[in-house]
Amino acid sequence: MNTWAVIDFETTGLSPDQGARPTEIAVVLVQDGQLVDRYQSLMNPGVPIPYDIQALTGISNDMVRRAPAVATVMAEAAAFVGTHPLLAHNAAFDKKFWDAELRRLSLMRQQEFACSMLLARRIFPEAPNHKLGTLVQSLRLPATGRYHRALADAEATAYLLLRLKQELRMRFKLPGISHDLLLAIQGVSRSAMDGCVAKFGQGAG
DNA sequence: TGCCAGGCCCTCTTTAGGGCCTT
């Protein structure tokens, strides 16, 4: 079974180290080339959402005031993800929040965390830029809803993952793309991709 | 309705600086 858990956070800021907390999370399970299951919830961060971020995401203080506590939602999200490898667009951001909120629950992430932005930079270096919205447009991926809402962005990232795997299969004539291959590619320079494919290129996907 | 990070990657590089990307 080759399943990815694609996640996206909306938050009150850029860094949990500076007091930012999540306001929404979505998880999309990708299996056998399809989006097979979804989890999404707003959550009450317990801190005010700055005005500019409310404008960016459309998530207001009123909306999260009635939502479940962060701890409740994160426990559900962690159970939904299970041991599937994680993937996010600019994973450095989502990984910080995922790990910080799990620590508050005395949990620790066990699986790898891959990044669709790093993969897209290597596989589609010619893209105008590597923002999620730009890649959706330039690669003609399915429209999923309002940008900067967790489920729409997680679904867009899931479609991007499928497109990245499709491109690798076509370019290197592979039967499938394993977790190990994607993780290896994101960890090397563009010029070292061929070596990665030779080493990890056989696997179901 | 304040404050604001940090890893990756390119290049005018590696004894560094700055843009990208996430909210």
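None of the values given here were measured: they were computed from a predicted structure.

(A) Summary view of the pattern of salt bridges. Throughout the structure, instances matching the rule amount to 8 salt bridges. The salt bridge partner of Arg104 is Glu101, with a shortest N-O separation of 3.7 Å. Placement of both Arg104 and Glu101 in helix α4 (residues 91-104) is noted, with a separation of 3 residues, approximately one turn of the helix. Given the relative accessible area of 56%, Arg104 is considered exposed. The class for Glu101 is buried, based on a relative accessible area of 2%. Counted as one network, the salt bridges with shared partners bring together Arg21, Glu101 and Arg104.

(B) Local environment of the protein's contact with DNA strand B. Close to DNA strand B lie 30 residues; Glu10, Ile49, Arg122, His130 and Leu132 are nearest. A share of 62% is what sugar and phosphate atoms reach among the atoms of DNA strand B within 4 Å of the protein. One of the side-chain N or O atoms of Asn61 is found 3.4 Å from a base nitrogen in DNA strand B. Those elements that provide at least two residues to the surface near DNA strand B are β1 (3-11), α1 (51-57), α4 and α5 (116-123). In terms of residue class, the surface near DNA strand B is made up of 10 nonpolar, 11 polar and 9 charged.

(C) Seen up close, unusual backbone geometry. Of note in this structure, Asp32 is not a glycine but carries a positive phi near 50°. Phi is positive for Asn90, which is not a glycine, with a value near 60°. Mapped onto the fold, Asn90 is located in the loop between β4 (86-88) and α4.

(D) Structural context of the environment of Trp4. With respect to the helices and strands, Trp4 occurs in strand β1. Through-space distance from the C-alpha of Trp4 to that of Val81 is 8.8 Å; in sequence the pair is 77 residues apart.

(E) Structural detail: the layout of surface pockets. Put simply, the largest pocket is a space of about 560 Å³. Around the largest pocket sit 20 residues that line it, and Glu10, Leu56, Phe93, His148 and Asp153 are the ones nearest its centre. Among the secondary structure elements, those contributing two or more residues to the lining of the largest pocket are β1, α1, α4 and α6 (132-138). Element by element, the count of residues in the lining of the largest pocket is highest for β1, at 4 residues. Each residue belonging to the lining of the largest pocket can be placed in one class, and the counts come to 7 nonpolar, 8 polar and 5 charged.

(F) How the structure looks around helix α7 (residues 150-172). Here α7 contains 23 residues, and its C-alpha end-to-end distance of 33 Å stays within 8% of the 33 Å for a straight helix at 1.5 Å per residue. Just downstream of α7, Lys173 is the residue with a positive phi angle, here 50°.

(G) Layout of the packing of aromatic side chains. One pass over the full model with this rule turns up 3 aromatic pairs. Where Phe9 meets Phe97, the ring centres are 6.1 Å apart and the plane angle is 45°; that geometry is what we call tilted. With Phe9 in strand β1 and Phe97 in helix α4, the pair connects residues that are 88 residues apart, well separated along the chain. Assigned by exposure class, Phe9 and Phe97 land together as buried. A centroid spacing of 4.9 Å and a plane angle of 50° characterise the contact between Phe93 and Phe97, whose relative ring orientation is tilted.

(H) Up close: the nonpolar core. Counting residues in hydrophobic clusters, the biggest one holds 37 residues, and the most contacted among them are Trp4 and Val30. Among the secondary structure elements, those contributing two or more residues to this core are β1, β2 (22-31), α5, α6, α7, α8 (179-186) and α9 (193-200). Here the element with the most residues in this core is α7; it accounts for 9 residues. Look past the residues within four positions of Val30 in its chain and what remains in contact with it is Asn2, Thr3, Trp4, Val6, Ala158, Leu161 and Leu162. Formed by 25 residues, the second largest nonpolar core is a distinct cluster that contains Ala5, Ala78, Phe97 and Leu102.

The rules behind each value
- Residues numbered from 1 in each chain as written.
- Chains lettered and ligands numbered in written order.
- Predicted model: local features only at pLDDT ≥ 70, side-chain atom pairs only at ≥ 80, totals over all residues.
- Heavy atoms only, no water.
- Salt bridge = Lys/Arg side-chain N within 4 Å of Asp/Glu carboxyl O.
- Helix = DSSP H or I, 4+ residues; strand = E, 2+ residues; numbered from the N terminus.
- Buried < 20%, exposed > 50% of the residue type's maximum accessible area, 1.4 Å probe, protein only.
- Near = heavy atom within 4 Å.
- Polar contact = N/O pair within 3.5 Å; in protein donor to acceptor, adjacent residues only side chain to side chain.
- Nonpolar A, V, L, I, M, F, W, Y, C, P; charged D, E, K, R; others polar.
- 1 Å grid on protein atoms, 1.4 Å probe; cavity = no way out; pocket = protein on both sides within 12 Å on 5 of 7 lines; lining within 4 Å.
- Points joined across faces, edges and corners; volume = space filled by probe spheres on them.
- Expected span 1.5 Å × (residues − 1).
- Phe/Tyr/Trp six-rings, centres within 6.5 Å; stacked < 30°, edge-to-face > 60°.
- Core = buried A, V, L, I, M, F, W, Y, C linked by side-chain atoms within 4.5 Å.
- Contact = heavy atoms within 4.5 Å.

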